[in-house]
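Chain and residue survey
Given next are the chains, with one letter for each unit.
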Amino acid sequence: MTKALIRYSPLLILAIAWELTARLELVSTTALPPLSDVIAAWIDMIKDGELITNGASSLYRAFAGLALAILIGGALGIGMAWWKPVNVLLAPIVEIFYPLPKSALIPVTVIWLGFGDGSKILLIFLGCMLPVTIGAFNGARASEQVLVWSARSMGASKMRMLWDVVLPSAMPELLNGVRTALALSFILLVSSELIVAQKGFGYLIGSLGANGSYDAMYAVVLTVAFLGFAADRLYLLITRWTFAWRM
Amino acid sequence: MAHVAPAETDEAPVLRLARTLLWGFARIFSVVLLLVVWEALSRSGKFTPYQLPAPSAVLERIWSDGVSGDLAINTALTLYRALVSFAICAVGGVLIGMAMTRSKIANWFFDPIISVGFPMPKIAFLPVVILWLGVYDVSKITIIVIDAIFPVIAATVIAIQNVEREFIWSARNMGATNREVLTQIVLPAAMPQIMTGLQVALPLTLIVAVVAEMLMGGYGLGGAMMTASRFANSTGVFAGIVEIAVIGYVMVKAMAMVRRRLLIWHQEANDPTTA
């Protein structure tokens, strides 16, 4: 307990410095409202449900886009490693689209699917798919030949080998790709909602900022930042727990 | 990413040429196919030109942007913002990383900030940065640096911690000063991992530059796309994507080349690369 306190004390110091700078009015309180006001605004927004409804729609978009990206991206990556023609066909396309800054797709997804959930889910799906694909591809390609051979010599069918040998050995790299995708999904979610949306965290940040209720805006910004951090830690915990057999 | 065709030495040269050609064709086949399908779909009448402008129209638009000089201005501004931020991230990130490995106090202060800040979607702080610094280059560069510096710091810390102790001990034994140990032993040995951190940071700078430009408007490729989208000019939007895609591709490839050049002495230079 005290160890954790010492370890994280710089964060506490920053928080106290924030409160003091604002209270002593070293900077204008519109630019930096005191942390205590921000917390009060956060509690208010939880109470009237504003944060929860917007948060729920944001999380739904991130989750749906990410789930699609993992399913389709993972299947593509393993397919590319397992069947050469798939690789020949897809590798150049992956190579061209991988370095594309995915935020450039925000206006197009809006042209295609409008201002609602659809465009955000499509954006997150497109943006998060390639890291998963590349993770799955590298993992599956590196699966030990000895294991594949022994499975084959024991009479496993192609599908069985894929399911029982290639997929499990591709898992660590695939999961690393998913972790990258998870971080990316939050970035894309917030940016697209900041730019065009009618609900969600990003929209809330934008509209609160436009109204000048900066303490509430800070509260939402910190909530999103914390959720991104918590999602990453939760993901690590789950993967460590599920894949204890590999360690 | 590319599979290398197995080299068969006893093959006739003609066969080898045919194989190379075939392989080259296979590599661009799908890209050509994609363009053909795109053109065909946009001409089929199933989609309005608003939903899917033809690639030929998009190319024409890029050409006219290029002739009018807009393309050069926007590209130069976006690149300027991304690369200045990248330089700040590279220098600042490596310095902070080095400080964290050398001083207990720096480590105590920065370690929790890095471990909490790294996985956060820092782009959410964009409105706060705008509130503080306005909508000009300073705030764009600030938000890009906030987003892209974390991978550099984390990579530097891990890289320096992983430098083999024996190297440092032998250098000390032979009378190297602290500065010599740092510049001649620690930094070169840590270089591969630091480069990996930089390679993560570089695409991030472009992603965030585009978002910041979209949100704040003005010149720059992101701003130009947003303007086009406000006027329902989807050809302009698609042209923006193609332009940004080309820049992203060139930047990533250039970075991989720099890495190969800088690490030519390292054993990884002989390994097949995936980048």
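The rules we used
Residues numbered from 1 in each chain as written. Chains lettered and ligands numbered in written order. Predicted model: local features only at pLDDT ≥ 70, side-chain atom pairs only at ≥ 80, totals over all residues. Helix = DSSP H or I, 4+ residues; strand = E, 2+ residues; numbered from the N terminus. Rg over C-alpha atoms; globule rule 2.2 N^0.38 Å. Buried ≥ 20, exposed ≤ 12 C-beta atoms within 10 Å, placed from the backbone. Contact = placed C-beta atoms within 7 Å. Expected span 1.5 Å × (residues − 1). Domains from an automatic or database assignment. Axes fitted to C-alpha atoms, helices over the stretch in contact; angles between N-to-C directions. Parallel < 35°, antiparallel > 145°, perpendicular 65-115°, else oblique. Left-handed = near helix turned anticlockwise from the far one by under 90°. Nonpolar A, V, L, I, M, F, W, Y, C, P; charged D, E, K, R; others polar. pLDDT = per-residue confidence, 0-100. Core = buried A, V, L, I, M, F, W, Y, C linked by C-beta atoms within 7 Å.

**A short note on the overall build of chain A**
- The secondary structure content of chain A amounts to ten helices and zero strands.
- Along the chain direction, N to C, the helices and strands of chain A fall in the order α-α-α-α-α-α-α-α-α-α.
- At 22 Å, chain A has a C-alpha radius of gyration far larger than the 18 Å of a compact globule built from 247 residues.
- Over its C-alpha atoms, taken along the principal directions, chain A stretches across nearly 75 × 50 × 30 Å.
- For chain A, buried positions account for 45% of its 247 residues.
- In chain A, the share of contacts with a sequence separation of at least 24, taken over all contacts with a separation of at least 6, comes to 71%.

**Notes on the overall build of chain B**
- Along chain B, the regular secondary structure elements total ten helices and zero strands.
- The linear arrangement of helices and strands in chain B, starting from the amino end, is α-α-α-α-α-α-α-α-α-α.
- What you see for chain B is a C-alpha radius of gyration of 24 Å, clearly larger than the 19 Å of a compact globule of 275 residues, by over 25%.
- If you line up chain B on its principal axes, its C-alpha atoms span 75 × 70 × 30 Å.
- In chain B, which comprises 275 residues, the share counted as buried stands at 33%.
- Looking at chain B alone, contacts between residues at least 24 apart form 70% of all its contacts between residues at least 6 apart.

**What to know about helix H10 (residues 234–262) of chain B**
- Its 29 residues give H10 of chain B an end-to-end C-alpha distance of 42 Å, which sits within 8% of 42 Å, the value for a rise of 1.5 Å per residue.
- Within H10 of chain B the residues assigned to the buried category are Ser234, Gly236, Val237, Phe238, Ala239, Gly240, Glu243, Ile244, Ile247, Gly248, Met251 and Arg259 of chain B.
- On its buried face, H10 of chain B is in contact with helix H5 (106–113) of chain A together with helix H2 (55–68), helix H3 (70–102), helix H8 (178–216) and helix H9 (221–230) of chain B.

**Digging into the environment of Pro49 of chain B**
- Looking at where Pro49 of chain B falls in the secondary structure, it is placed in the loop between helix H1 (13–43) and H2.
- Along the sequence, Pro49 of chain B and Glu166 of chain B sit 117 residues apart, while their C-alpha atoms lie 65 Å from each other.

**Some points on the domain arrangement of chain B**
- Entries for chain B in the domain assignment read domain 1 (7–47) and domain 2 (55–270).
- The centre of domain 1 of chain B, based on its C-alpha atoms, is set 34 Å off from the matching centre of domain 2 of chain B.

**Here we look at helix H7 (residues 145–153) of chain A**
- Taking burial as the measure, the nine residues of H7 of chain A include zero buried ones, a minor fraction of the element.
- Just beyond H7 of chain A, the residue with positive phi is Gly155 of chain A, at close to 90°.

**Details of the packing of H8 of chain B against H10 of chain B**
All names here are of chain B.
- The interhelical angle for the contact between H8 and H10, taken along N-to-C directions, is 165°, at an axis separation of 11 Å. Compared by their axis directions, H8 and H10 come out roughly antiparallel. By crossing handedness, the relation of H8 to H10 is classed as right-handed. Residues Met191, Met195, Gln199, Leu202, Pro203, Leu206 and Val210 of H8 touch H10, and the partners they reach there are Ile244, Ile247, Gly248, Met251, Val252, Met255, Arg259 and Leu262.
- Here the contact of H8 with H10 is built from residues that sort into twelve nonpolar, two polar and one charged.

**As for the interface of chain A and chain B**
- On the chain B side, the residues contacting the 48 residues of chain A number 48 residues.
- Going through the elements one at a time, helix H1 (2–23), helix H4 (84–97), H5, helix H8 (158–195), helix H9 (201–211) and helix H10 (214–242) of chain A are the ones with two or more residues in the side of chain A that touches chain B.
- Considering each element in turn, the side of chain A that touches chain B owes the most residues, ten residues, to H4 of chain A.

**Looking at the confidence of the model for chain A**
- Within chain A, residue pLDDT values average 88, and 99% of them lie at 70 or more.
- Of all secondary-structure elements in chain A, the lowest mean pLDDT belongs to H7 of chain A, at 77, while helix H3 (residues 50–82) of chain A reaches the highest, 93.

**So, the packing of H3 of chain B against helix H6 (residues 137–161) of chain B**
Residues and elements named next belong to chain B.
- Relative to each other, H3 and H6 sit at 40°, their axes nearing to 6 Å. Two packed elements cross with a definite hand, and for H3 against H6 that hand is right-handed.
- Of the residues contributing to the contact of H3 with H6, the split by class is 19 nonpolar, seven polar and three charged.

**Focus: the nonpolar core**
- Ranked by size, the top nonpolar core spans 125 residues in total, and within it Ile124, Val220 and Val221 of chain A together with Val208 of chain B carry the most contacts.
- Residues contacting Ile124 of chain A, with those up to four places away along its chain left out, are Arg61, Ala62, Gly65, Leu66, Ala69, Ser185, Leu188 and Leu189 of chain A.

**Considerations on the confidence of the model for chain B**
All names here are of chain B.
- Per-residue confidence for chain B gives a mean pLDDT of 86; residues scoring 70 or more make up 93%.
- The secondary-structure element of chain B with the lowest mean pLDDT is H1, recorded at 83, while H3 shows the highest, at 94.
- In this model, residues 1–5 is a region of pLDDT below 50 whose contacts with residues beyond four sequence positions or in other chains number nine contacts.
- Interface confidence in the predicted complex, given as ipTM, is 0.84; pTM for the same model is 0.86.

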